[in-house]
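Structural overview for review
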Amino acid sequence: MGKLTLCALRAVLVVLLVGTVLVQASMAGALVSGSDPEDGSLPLTPLRVITILGLASAQAALVCVWRLVTMVRRRTVFSRAAFRYVDVVIGALVLAALVWFGVTVLNAPGQRADPGVTVIMGGIGLAILGVALIVLVLRMLLAQAVARDVEASQMQAELNEVV
């Protein structure tokens, strides 16, 4: 990967991380202060808690992607150390899907007149799970690449002994 691409990706990761922290802090502040009274149309307290959890999930994934980008820059991404970061990203995506399904359940009673919104929200949750499955497939490809790299290193060592 080029340096410009890595710098651009890191800039995006920083903006996303700062943005999620700010939103999370404002949600926690509203939750603790209780200054925003609920009007009864939507349960705000559970929604805020779910949002804070969802953002924590996103932050964990962002930090792991940052670590993976660092490994790419150092050319060490094809190692067993990368698996823990990929596993956290997969877990964060699954948690994000579960959080989204929670939001869907909270929102569903207000959508009795138009249940299509709930169906669309459920579809978005399934899409998030689909992304988790894609990352799982990419993890399997990483495992194959690591195995090939180890095999190539062993063959190179054997070749060096012969020559």
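Scroll up to find the structure this text is about.
Summarised in this report is the structure supplied together with it.

Rules used in this analysis
Residue positions are counted from 1 within each chain, in the order its sequence is given. Local features in this predicted model are restricted to residues of pLDDT 70 or higher, and side-chain atom pairs are both shown and tallied only at a pLDDT of 80 or more, whereas totals for entire chains, interfaces and linings draw on every residue. Hydrogen atoms and water are omitted, and side-chain values are computed over all heavy atoms in the structure. The numbering of helices and of strands both runs from the N terminus, where a helix is a DSSP run of H or I of at least 4 residues and a strand a run of E of at least 2. Summary of the burial criterion: residues with accessible area below 20% of their type's maximum are buried, those above 50% are exposed, and those between are partly exposed, where the area comes from a 1.4 Å probe applied to protein chains only. The patches described consist of residues with a relative accessible area above 30% and no salt bridge, like charges being joined within 9 Å and nonpolar side chains (Val, Leu, Ile, Met, Phe, Trp, Tyr) within 5 Å. For the accessible areas, the method is Shrake-Rupley and the probe is 1.4 Å, while residue cover comes only from the protein chains on display. When a carboxyl oxygen of Asp or Glu is within 4 Å of a side-chain nitrogen of Lys or Arg, the pair counts as a salt bridge. Joining through side-chain atoms within 4.5 Å is the link that ties buried Ala, Val, Leu, Ile, Met, Phe, Trp, Tyr and Cys residues into a set, and such a set is a nonpolar core. Residue contacts are counted whenever heavy atoms from the two residues lie within 4.5 Å of one another. To get an axis, fit a line to the C-alpha atoms, keeping to the stretch in contact for a helix; angles then go from 0 to 180 degrees between the N-to-C directions. These descriptions rest on fixed angle ranges, namely under 35 degrees for roughly parallel, over 145 for roughly antiparallel, 65 to 115 for roughly perpendicular, and the rest for oblique. Lys, Arg, Asp and Glu make up the charged group, whereas Ala, Val, Leu, Ile, Met, Phe, Trp, Tyr, Cys and Pro make up the nonpolar group; the residues left over, Gly among them, are polar.

Another point: the environment of Leu 9. Note on placement: Leu 9 falls in helix H1 (residues 3-33). Take Leu 9: its relative accessible area is 30%, and that puts it in the partly exposed class. In this structure the C-alpha to C-alpha distance between Leu 9 and Leu 55, which are 46 residues apart in sequence, comes to 19 Å.

Turning our attention to a nonpolar patch on the surface. On the surface, a nonpolar cluster with roughly 650 Å² of combined accessible area is contributed by Leu 133, Ile 134, Leu 136, Val 137, Leu 138, Met 140 and Leu 141. Mapping Leu 141 onto the fold places it in helix H4 (residues 116-162).

Attention now goes to the nonpolar core. Residues Leu 68, Met 71, Ala 82, Val 86, Val 135 and Leu 142 are the most contacted members of the largest nonpolar core, which totals 15 residues. Put simply, the parts of the chain that give this core at least two residues each are helix H2 (44-73), helix H3 (81-107) and H4. In terms of residues, this core owes the most to one element, H3, which gives 7 residues. Setting aside anything within four residues of it in sequence, one finds Met 71 in contact with Thr 76, Val 77, Ser 79, Ala 81, Ala 82 and Tyr 85.

Our next topic: the environment of Ile 50. Within the secondary structure, Ile 50 is located in helix H2. With residues near it in sequence (within four places) discarded, Ile 50 still touches Val 99, Gly 102, Val 103 and Leu 106.

Relative to each other, H3 and H4 sit at 170°, their axes nearing to 9 Å. With respect to H4, the axis of H3 lies roughly antiparallel. A breakdown of the residues in the contact of H3 with H4 according to their chemical character gives 25 nonpolar, 5 polar and 2 charged.

The residue Asp 149 is located in helix H4 in this model. Exposure remark for Asp 149: the relative accessible area of 39% places this residue in the partly exposed category. The spacing of Asp 149 and Gly 29 is 120 residues in sequence and 49 Å in space, taken between C-alpha atoms.

What follows concerns the pattern of salt bridges. A complete count under the given rule lists 1 salt bridge for this structure. The salt bridge involving Asp 87 is made with Arg 139; its shortest N-O contact spans 2.5 Å. With Asp 87 in helix H3 and Arg 139 in helix H4, this residue pair connects regions lying 52 residues apart in the sequence. Since its relative accessible area comes to 35%, Asp 87 is described here as partly exposed. You can call Arg 139 partly exposed: its relative accessible area is 24%.

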